[in-house]
Structures are given as C-alpha cells and as structure tokens.
Amino acid sequence: MAETREKSHKPKPRVRPIVRLGIFLVSHSFLVSVVCCTSGVLALFLLPVLAKNTYISENALMPGSASPMLSNQHVLDGNRLVKDLTNSNLKSSETGIESHKIIAQYMLDLGAEVSFHKFHPQMNQFHPLHFFSSPDSGKIQENYSCSSYGINTVGVIRAPRGDGKEAIVLVTPYNALKSGFGEALSLGIAYSVFSLLTQVTWLAKDIIWLVADSQFGEYAAVSAWLREYQTPKFSSLSTLNSEMCPDINNLFEIKVHSVAGSKFSNSFRRAGTMAAALVLKVRDQGEQFEDTISIYAEASNGQMPNLDLINVVNYLAVHRQGLRVNVEKLRSLLNSSWLKSLGEIFESLAKVAKTLNPKCKFGIPATEYVEGTATLASSLYYQALGVPTGPHGAFRDYQVDAITLEISPKFSLDKVWRNDILLRGGRLIEGVIRSVNNLLEKFHQSFFLYLLTSPSKFVSVGVYMIAFALLIAPLPMVAASLYVDANSSSNFLKGDSSTPSAVTDAAEHGITIRSWKWLNSAKLVFIVHLWGAIVSLLPYFICQIPDCSPTTSFVIWVLLSILSLLILNSVLASPLACVKASQEKEWALVKSVTISSVFIGLGLMSVINFATAEIGALVMVPMCLLAQPLKLDVRAGTLRSCCRIICNLVLGHIAFPPAAFFLLKGMLDGFGSANVGDFWMWVESLWAWNSATYLFIGMVQLPCWVLCVSILFHSC
Amino acid sequence: MDTFNNSKPVLHLLLLPCLLLYSSIAFSSSSVEAAMHTNNWAVLVCTSRFWFNYRHMANTLSLYRTVKRLGIPDERIILMLADDMACNTRNKYPAQVFNNENHRLNLYGDNVEVDYRGYEVTVENFLRVLTGRHETAVPRSKRLLSDEGSHILLYMTGHGGDEFLKFQDSEELQSHDLADAVKQMKEKHRFKELLIMVDTCQAATLFNQLQSPGVLAIGSSMKGENSYSHHLDSDVGVSVVDRFTYYTLAFFERLNIYDNASLSSLFSSYNPSWLMSTAYYRKGVYKRSLEEVPVTTFFGSVMETIHTDAAYKALSRRNSGRFEAQTSLDQSVYHPERRTQMKVNDRDETHNINPEGNKQLLQGQEGASKCPWNTFCNKFLKAENVDSLVNYGLVAMVPFLVISTWLVR
C-alpha cells in the first residue's frame, strides 16, 4: 500500500494507446459483449443479403463454349443399355453378376479398357485415432467372407493424343440386386456420354467410368475403389482372395473367354491423377413440375469442392440444358413467418437506403431472402455435421473435387420423355467433362470455403467469418474483466479488514497467493476437459459389447460418463475444492477460465470446420456469458436477475448436446418419432465418418456445459 | 519587309552553296537520313500460352499469312508462337488452326515457318531479335537482319495491361523495355520505319515511352479498355480471333499487292463500336503524312522503282539488285510520293530550299544529270562548234536590232 502511494506521486507513465483501448474495452465488457453478440447474430442473418453471384473464376474452363456433340444416336445406344439392364433384372435377380457382365460387354464394344474391382465392405468401426489421419491402405480386413463382396465395373477411355497424366471420373452408383429404373437410367446417360467420348478427338484427360456397386452403400463402393486406386496394395491379399473364393474368379474367367483379344483385364486399371469427379444419379420418382437437378457438394468435415465446379454445372444446366438447379434447403424454414417478416424488414431498409443513395443496391426481395436463408441454413447444417452428403465425399478425402448430381425428372413413362432426359442429362455431363477437360491445373482459382445461399449465389469466407468473429470477440474481454474483478474485489475486502500494522507483509503475501488463485479454477476446467476426452473415448469400448441395441448403448454411455466424472472429481479435485469453497467470487474465476477455454476451443474448431464452430458459438457464447450462480440471482430478486435466471435455465437445457439433438430432430421431423437410441445412432454416424464435430461436442461443448451448470449451482 | 522579301531569293542563292556543302558532309557522315527503302521485315509475336488463348495464335498466324501474301518472303518474317495450339490435345482438328468458324482456311499449312516456338518465346529472346544481340550460334533464319533502309512491321498479341504485355504467363515486357529496344534499333541503324501493332488489352499504354523517330504505333485499345475476341467457334470450343485483328484482316483481304490504300485508311477503318474498344495510333516523330503512306510500306514488300538511264549510276546504292517489285506507275492523289527520278528533280527545282531537296540535287550533279539546262551548259562549255556559235549570236542580234530601232523611233 505504501509503495502504491509513493508511486502515485510520481508522474504516471504513458500507456500506449492500444493498451488503453484494451483497458477501456475490458472495463466496458458488458456493453461490448452485448453489442458484439447481437451484431454477430444479426450479421449471420444478413448473410443471404450479402451473398454474391457466382462467376466462373478459372478462365480455362470455358463452359458452354463448345456446342454439344451428343446426338440421338448416342441416346439410342444409352436406351439400348437401359432396356437390356431392366430385362436382365427380371431374368436373374439372385445375383448381380449378370448385369455387371452386360455393362462390361457394352464398354468393351466401345473399345474401352474394362476391369472389375472386387471389394469387401468395411465395418463402421470407431477408431479414436483416425479423425484427422488420411485414409490408408493398411486396413487389412480379417473378417471378410466370400459371400459378401461387391463388384465395381470400371471402364477407361484413354485420351487419343493426351499424355495420360490426368483423368476425369464419372460415377454411377448401381445396385444390381434391386435396381430401380432411375439407376438404370443413370447408367444409360453415362453410357451415352461414354460412347460419345470414345469417338471424339479433343480429349486431353482420360475418362474413367465407375459403375459402383451400391449394395453396401454408394459411399463404401466408391471409397473402396478410390483406396485401391490411390494406395495400391503390394500384398498377397488378392491372391489369397482368389484362392479362397473360387466363385468370384469364375466371373472373370467367363469374361475372358467370351471376349478374347479385347481390352479386358483382370488387374486393376488406372489412369492419371483425377481432375474432377461427377457422381450421377437419377431419382426414381420425380414429383416436380419440371426437370430438376440437385447438387450435393458437402464432403466430410464441411469440406467443399471448388466453387468453380458447381458454377460450371449450374451454368450449363441452367443456360444450356434448361434444367432447374436445386441445392438442399431446410424446408421447415421456408414457411416460417418470422423469417419472412425479417426479410421484409431488410427489403424496406434497402429501399430506404436506395432513396438516400441511388447507387447502393444490396436489397433482395423477401421471398428470395427466405429461400436464401433456408439454403444457407442447410448449407451450414450439412457442413457442421461433417458427414458427406453423397459418394462424392470419398473423393474429397483425396483432394479431388467432386459433386453428386441427382436428376429428378418430371415423371412419365413416355419413351420420348426418356430420350429427352437421356439427351439433356448426357449433354450436361458432356459439357461439364469438356469444360474440365480444358483445365490445365487442378481447380484452384475459385473458393473452397464458402456457403451457398442459392445455386448461383454464395457467401465467401471473408464475409461469413465476420459473424463468427463478432460472436466470439467478447469472450476474451469478459474473461479478462472477470479475472480483474475477482482479484480486485477480494483485494478490497482484505484491505478493509486488515489492520494497518500488518499491511505490507500480508499484502505482499496476499498478492502472490491471489495472482495464482486462478490456477485452482484452471485445474477444475482442466479436469472437466479431461473428463470430456474420456467421455468421447468411451464409445470405443461400448462398441466392443456384442448385441447391444442403441438405447442400451446410450444408457451405458451416460452411466459410465457420470461415474467417471464422480471418480475424477473425488480423486483429483476434492482436496483443493474444499479450500476454495470458502472463498467468495470463486465462481467468477471459474467462469473466466471456462470462457477462455471455450474461446480457444471455438477458435481451433473454426479452422477445422467453420460451420460447427459457428453453430456451437451461437449456443455456447450466450451460455458462457450469462452463467451466474442461481443463488445470487434469487437473492437479488430484481426483474433483471429473473430474466437472467430464465435465460440461464433455457440455455442450460438447450446446450446439453443430447437435448439439442432431440430438439433439432423434433423441429425437423416432429417429436413423435424421437427415440433415446437415435442419439447413439447419430453419434455413431459421426465417428464413422471421422467427423470432427464429434470431437468438438465431446471435448469442447460438453465440458463447457458441465462447467456452466456447475457455476449455476455454485454455492456462494 | 519589302526589301527583305526582295532580298529573299538572293539570300537563298547565297545560302545554297553553304547548304550544299553541309549536306554533302552530312551525307557522308550519316547515311541514315538519306537511306532508301531497301527491304521489308515482319516480326510477329504471339505471347500467350494455353488452349484458351487459341485466338492469339490464330491472330498471329493470320497476320503471317497476310504479310506473306502481300509479298514479304518467309526469310524476312520472324514468327514467334508461344504455344502450339495445332497439336494441343484439346484441338478437335489436329494440326490445324482456324481463324473463322467456317473453317475454310487452315492457317497452319505446310508453308508456315515458325522461328521461335513454345518456351523459346521469352522477353529476352524477343529483345534479342529486335536489337540483334544474338549469341553466335543462333542461325540466320532466327535473326532480324534488317538495315537502315528496312521497314519493319512488329505485331504483338497476347494479354496485356497498363504498360506491359505478358509473355508466357510468367514474365512481362514493359513499355520501357520496348522503347529501349526500339531506341537501340534506331541507334544501330536497324530500321528506317517501324510500325508497331499491338492487340492486347490497354494496348495503347505500351507505347507511352516510345520516342524514337520513324516509329508508328497502333494499339487495339486505350488505357482502361479491354480488347475483345470477335467470335467463338462452337465446334472447336474456343474464341478464334480477336476483334482488332479480325477487322485488320478484313481490311487486308480486299487488297492485293498493287493497291495503294494508305495507312490512314487502315487506321480510320477501325470502328470503335465494332471493336468494342478504341483503336489508338501514335504518330510520334513519324514524319510522313499517313495519307501518303501506303499500307504496303509495312505489310507488303513493295519497293520504289527507280528508273535510271544508265545502269549502276543514278542512285545505284547497294541492294539495288533487290528491287524486285514494281509499283504501279499512276501517281494517284493519295500517293504523290516521288517514285521516279523525274519527280525528284521537279522537287529540286521547286523546293530547293529544303535540305533533302538539296541532297537530291547533289546526287543529280554527282550522277549523270538529265536536266536540260545542265545539258545545255555542258554543250556550251565543250564548245565543239564555233561556227554555229557565231551563227546563233548573229541570230540573237536580230531582236536587239529590232528593239533598239523601235525604241529610237
């Protein structure tokens, strides 16, 4: 105290402006946090208004500059294949071998190189260390059986004058056992394009047509083929296979005999590095009024293909083939009235701005706003989920740009209609392939980080980061101010009570103790995060339990989690917790450290998967900022504290991951179908797809929730 | 004033010997000024790579074809193509290049000689060609072997910007580099007249630093403007020609080697609404009036015909054997350039104040002059026939007598 008085006589040292600004912000942290959070949420809702029109960034692409060459002859060829496939289905439906033979025969007739790729489906195992590792070939399957295997049929066209270093992949998922008419039609479209491409002279990249056997799921087939393609196995596994499963070999032998001297080969055929991949599907029943094409682009962990690929498809579909392009939307948002009124507000604001300054034009109509928001929300949701929305996700793991195109035709059984779809779909694929064929390098010119608000509008990373940055900006300030408050208030109390004689000694001692006091809180936070890590690892063991229904698994998981929390708390936290309990304002320090850890967690997650971090921030930031012991609020009894109690309770429920899941599911599908086991299934799908969202929930959100709840029930 | 005016002819008469003296010295010291048009060269450069720049190669090849048609032989054309579109795997018509979607004219026939191709087309090589600073191993066919009487056409196309032209997607030619190279060429007497024609975006900015005399420059667009392609060949799948070049070619398609269309008619043929940019030409220190300069001065190889009475005397300068092409003899209004020695002498008598005229006069005196007065003088001085002289004298006395008697009366 004496020292400080002495110091006060001296002229104050000049504080640098940035430090002064920091001090100012920290001292007004409440105001800052309110302003930042509201503007962050507002900025999120403004994104559809700020979306820009897409444009072809790479000028080598030149989509639509060449007129399509796909003629009616090729369409007739495709139609022939569709007929043969549907007939063969009727004849021998017990094995899919027959239809694979037909496809291979058709490919061979065109002069393409053909090979079969046999694969075994992989079980969805929980591998705790596989979240960020690249897929490897080392996964030797011990438990494969001869009975369950899939056959991919692969046809390769070599570019007549190309260097064979690059390839474009066309994928058509096909389930030979129970194929719908749509799948056969997609094969027909792919075949008509393939037959054209065998004749053209302008190919610079090889063309690979993969007929993926989708009886174990489309993704599994494509990823198995890709794994084989990218990471060749140099083991005796294949010979082992052929020894053990003679019936599979049979198929190959038949082929070799039937078409002697052709380009059929038993070995795995490869072309160059993949420039792009297109997955083509045709929906079985279309209910739209016009032919629509849906684009699915999200791959694992919210990775997106280059925007140029979507642009090319969108441009060709809309401006050349007259198809309507569709991107996934959250349909429930389309009819929400509050969104519509928000859109009207923005529209009228834009009108006002236009009257003030005729140059500014950022407004969009309210209906467009609602659609944009619904698309944006679904874009955010699917990116945040981190689960690929189609087989194209397998390509993204190897840094190949890929999208899934799903054509849903306006349905009629007319033959003219079928030819029309074959022609238009085929020309679209041809156009995209020709455009990609013009590429000189990988897709790199356009954005990889973006959110779509419509097929032709996007929000780039530079814009959507603002909303997130505004949301998390108050966190460090509030943490700092809480820390300062906790220190100074106890300081003040002590200064009051102590006698002047013992001032210097006690003060010095007090300062050293107080300045390290936050370590206790940090320890608590660390323990809870450790617990979070344990909880995220528990499913690995639960998986090992045989014959376990999702519901029981979930219950086991919850029980084990609670048990581990209790054990950890008793072993590690108890001795010091007793000491701390006596101190006032201890909860403020806990809150401060929690907020810091949340800030770090959100910041890290925004690098890995932005959408997850954004959605997480929307829930966690208000919860962290508002958390305050309920006892204090109850004691105060003012209107303000009542509001805070209500907010805290609501947020405390919403932020609990399973609760949030059921709430979302209820909102999307209705509450009737909700089941406790669903959450387990959902989580299972997350780790099966190596989604970082799982880690985020387990190691950031859950600990944060536990800490906030502990603050709420803190006894002070 | 009056006295001055009166004395002007006298003054001129006095000055004349001095000028004669001066010009004779000048003539011997620097022959550049006096250089006759000896030959035509063309340097045609396509600077950009990649399939989507097909049109730049097509531009250059079309111009190559045009100048060849108008008489510049292959050995005087330096053709630089940065990429080979004809053999690009994406080309639907292998080994062919078209500049029109009707595909009637294959520009990449058997008679195309590409001097610099692919990665040889660099800023360094380009500047070496212009300035003639080659390594010793470079063959003659890759050199610009022009002299002080050469007319050079320099055509460049590619992607450009404010004061630069992109080469090969990796380096740039800046307006300073170009101006410096031209300056060096001038110093090294590598050209008499130079026409730089550039078809890029903001092409006019490339000429900002040019200062050398005898250099004409035309660009497809002004600063801040883009140059656009003319049309897309939906069969090949790329744009095949740029607008500026397209309309240049359209202009030349109507011409043959004997036409006298002037440069100004070419320059005024560029319609900004067709080009979607403003063609800009920069005359700089180019002396001649553009109306008088036929386009074949640069785009063809049309020499002046020099009519001489005696072989190897009048104006017999080196390379006179190379005067192959014939100019049409009609002296059209658009083309009042002196083509014959008679014309030159006319000028000598009328405007003998200008040093150039004096020079010509000097040449006339040096060689076998055909001026009647001079012949008379020569005859007079020789004095072959004294009798006839006396007779002439007597006859001349008759008018004297008549006049004197008339005055006396």
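Residues numbered from 1 in each chain as written. Chains lettered and ligands numbered in written order. Predicted model: local features only at pLDDT ≥ 70, side-chain atom pairs only at ≥ 80, totals over all residues. Heavy atoms only, no water.

The name given to chain B in an unreviewed UniProt entry is GPI-anchor transamidase, and the organism recorded there is Hibiscus sabdariffa. According to UniProt, the comment filed for chain B under the heading Pathway (unreviewed entry) is "Glycolipid biosynthesis; glycosylphosphatidylinositol-anchor biosynthesis." (UniProt positions renumbered as here; feature names shortened; annotations may be inferred.)

Taking an unreviewed UniProt entry as the reference, chain A is identified by name as Glycosylphosphatidylinositol anchor attachment 1 protein belonging to Hibiscus sabdariffa.

(A) Summary view of the overall build of chain B. Assigned secondary structure in chain B consists of 12 helices and 12 strands. Counting all 409 residues of chain B, 45% fall into the buried class. Long-range contacts, defined here as pairs at least 24 residues apart, represent 73% of the contacts in chain B between residues at least 6 apart. A total of about 21000 Å² of accessible surface is found on chain B, and carbon and sulfur atoms cover 56% of it. (Helix = DSSP H or I, 4+ residues; strand = E, 2+ residues; numbered from the N terminus. Buried < 20%, exposed > 50% of the residue type's maximum accessible area, 1.4 Å probe, protein only. Contact = heavy atoms within 4.5 Å. Areas by Shrake-Rupley, 256 points an atom, 1.4 Å probe, with all protein chains shown as cover.)

(B) Region of the structure containing a nonpolar patch on the surface. Residue and element names in this part refer to chain A. Together, Phe526, Leu530, Ile534, Leu560, Leu563, Ile567, Val571 and Leu572 make up a nonpolar patch on the protein surface, roughly 680 Å² of accessible area in all. Counting residues per element, the ones that place at least two in the nonpolar patch are helix H19 (518-544) and helix H20 (550-581). Following the sequence through the fold, Leu530 ends up in helix H19. Overall, the relative accessible area of 34% leaves Leu530 in the partly exposed class. (Patch = residues over 30% accessible without salt bridge, like charges linked within 9 Å, V, L, I, M, F, W, Y side chains within 5 Å. Salt bridge = Lys/Arg side-chain N within 4 Å of Asp/Glu carboxyl O.)

(C) Representation of the UniProt feature "transmembrane region" (unreviewed entry) in chain B within the structure. Taking the numbering used here, the UniProt-annotated feature "transmembrane region" (unreviewed entry) corresponds to residues 389-408 of chain B. Across residues 389-408 of chain B, helical content stands at 100% and strand content at 0%; the span's end C-alpha atoms are separated by 29 Å.

(D) Expanded view of the sheet that holds strand S11 (residues 450-454) of chain A. Residues and elements named next belong to chain A. Taken in spatial order, the 3 strands line up as S1-S12-S11 in an open sheet, and their pairing is antiparallel. Only two strands of the sheet have a single neighbouring strand rather than two, namely strand S1 (52-53) and S11. Sheet analysis places S1 next to strand S12 (residues 457-460), joined by 2 bridges and oriented antiparallel. Each bridged residue has a counterpart across the sheet, and for Lys52 the counterpart in S12 is Phe458. This element, helix H13 (residues 366-385), spans S11 and S12 of the sheet and lies at about 145° to S11. (Pairing = 2+ DSSP bridges. Axes fitted to C-alpha atoms, helices over the stretch in contact; angles between N-to-C directions.)

(E) Local environment of the interface of chain A and chain B. Contacts between chain A and chain B engage 19 residues on the former and 18 residues on the latter. Across the chain A to chain B interface the summed buried area is about 1400 Å²; carbon plus sulfur atoms make up 54%. Taken as a group, Ser65(A), Arg161(A) and Leu440(A) account for 38% of the area that chain A buries against chain B, more than any other trio of residues on that side. Remark: the boundary between chain A and chain B carries 0 salt bridges. Counting across the chain A and chain B interface gives 11 residue pairs in polar contact (both at pLDDT 80 or more). Tallied by class, the residues present in the side of chain A that touches chain B amount to 9 nonpolar, 7 polar and 3 charged. (Buried area = accessible area lost by both parts, 1.4 Å probe. Polar contact = N/O pair within 3.5 Å; in protein donor to acceptor, adjacent residues only side chain to side chain. Nonpolar A, V, L, I, M, F, W, Y, C, P; charged D, E, K, R; others polar.)

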